[in-house]
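Read off the chains here:
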Amino acid sequence: VVQKALDDANVSESDLSAVAVTIGPGLSLCLRVGVHKARKIAKVFGLPIVGVHHMEAHALVSRLVNKDLDYPFLALLISGGHNLLVLAQNLGEYVQLGTTIDDAIGEAYDKSARWLGLDIQKGGGPALEELALEGDPNSINFTVPMRQHKDCNFSYAGLKTPVRLAIESRNLCTDDIPISSATEEDRQLRANIAASFQV
């Protein structure tokens, strides 16, 4: 990945003035791999290391893509493990308006996809979305998590349980039968759950 980034930018390590690396938040194994690679490059080429906050980097990428985007701006950051709504007032100046208080959307997608017997090697989100295209989004009325709360926080723990109950109430044997082996009727029931989940 590092070599591809350098190649795409048409530069080599000797052209660099510093090495930026994500220092958090994130999965510790992924962070360690990145920091290890950054330290190695920095040591070999005598470069300083710049620690980057994962979510801040996502928020600021929008300014690279949209050169006219000035401060202040709202940023909704959604990743597998984090949901964050921030008011970016200036570089390094952020007001957190809402965050994930338990399960993030990625976990809800991954677990729901797994419960539906989907192949989640490329992630639960893409697998669930693909199956949802075959389903009826109005077949099940899942509740919107935290709708009654008067803040901007996110919670998806309350969405996983209704998915599990929908699977059980339809007597789907998703643990033993992957989607690839499901009957047409069984597949349609799973697709309806996936489509309703996405609403």
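Check the entry above for the structure.
Below or above, wherever it landed, is the structure these notes cover. (Residues numbered from 1 in each chain as written. Predicted model: local features only at pLDDT ≥ 70, side-chain atom pairs only at ≥ 80, totals over all residues. Heavy atoms only, no water.)

### Observations concerning the environment of Arg-190
Formally: Where helices and strands are cited, they refer to DSSP runs of H or I of at least four residues and of E of at least two residues respectively, numbered from the N terminus. Each residue is assigned to one of three classes by its accessible area relative to the maximum for its type, calculated with a 1.4 Å probe on protein chains only: buried under 20%, partly exposed between the two thresholds, exposed over 50%. Note on definitions: a residue-residue contact is assigned when non-hydrogen atoms from the two residues lie within 4.5 Å.
Here Arg-190 lies in helix 7 (residues 184-198). Residue class for Arg-190 comes out buried when judged on its relative accessible area of 0%. Between the alpha carbons of Arg-190 and Leu-69 there is a distance of 42 Å; along the sequence they are 121 residues apart. For Arg-190, the contacting residues outside a window of four places in its chain are Leu-116, Gly-117, Leu-131, Leu-172, Cys-173, Thr-174, Ile-177, Pro-178, Ile-179 and Ala-182.

### Section: the sheet that holds strand 3 (residues 73-78)
What counts is decided by this rule: What makes two strands pair is DSSP finding at least two bridges between them. Lines fitted to the C-alpha atoms define the axes, with helices restricted to the stretch that makes contact. Angles between their N-to-C directions range from 0 to 180 degrees.
Pairing within the open sheet is antiparallel, and its 3 strands lie in the order 3-4-5. Lying at the two open borders of the sheet, with one neighbouring strand each, are strand 3 and strand 5 (93-99). Each adjacent strand pair in this sheet contributes to an overall mean axis angle of 25°, direction not counted. Note: strand 4 (residues 83-90) against strand 5, 6 bridges, orientation antiparallel. Considered in strand 5, the bridge of Leu-84 is made with Thr-99. Most of the contacts of helix 3 (residues 54-65) go to strand 3, to which it runs at about 125°, and overall it touches strand 3, strand 4 and strand 5.

### Quick look at unusual backbone geometry
Residue Pro-72 follows Tyr-71 across a cis peptide bond; omega there is -10°. If you trace the backbone, Pro-72 turns up in the loop between helix 3 and strand 3. Even without being a glycine, Asn-10 presents a positive backbone phi close to 60°. Mapping Asn-10 onto the fold places it in the loop between helix 1 (2-9) and strand 1 (19-24). At Met-146, a residue that is not glycine, the phi angle is positive and equals roughly 65°. Residue placement: Met-146 occurs in the loop between helix 5 (124-132) and helix 6 (157-169). Owing to a relative accessible area of 13%, Met-146 belongs among the buried residues under this scheme.

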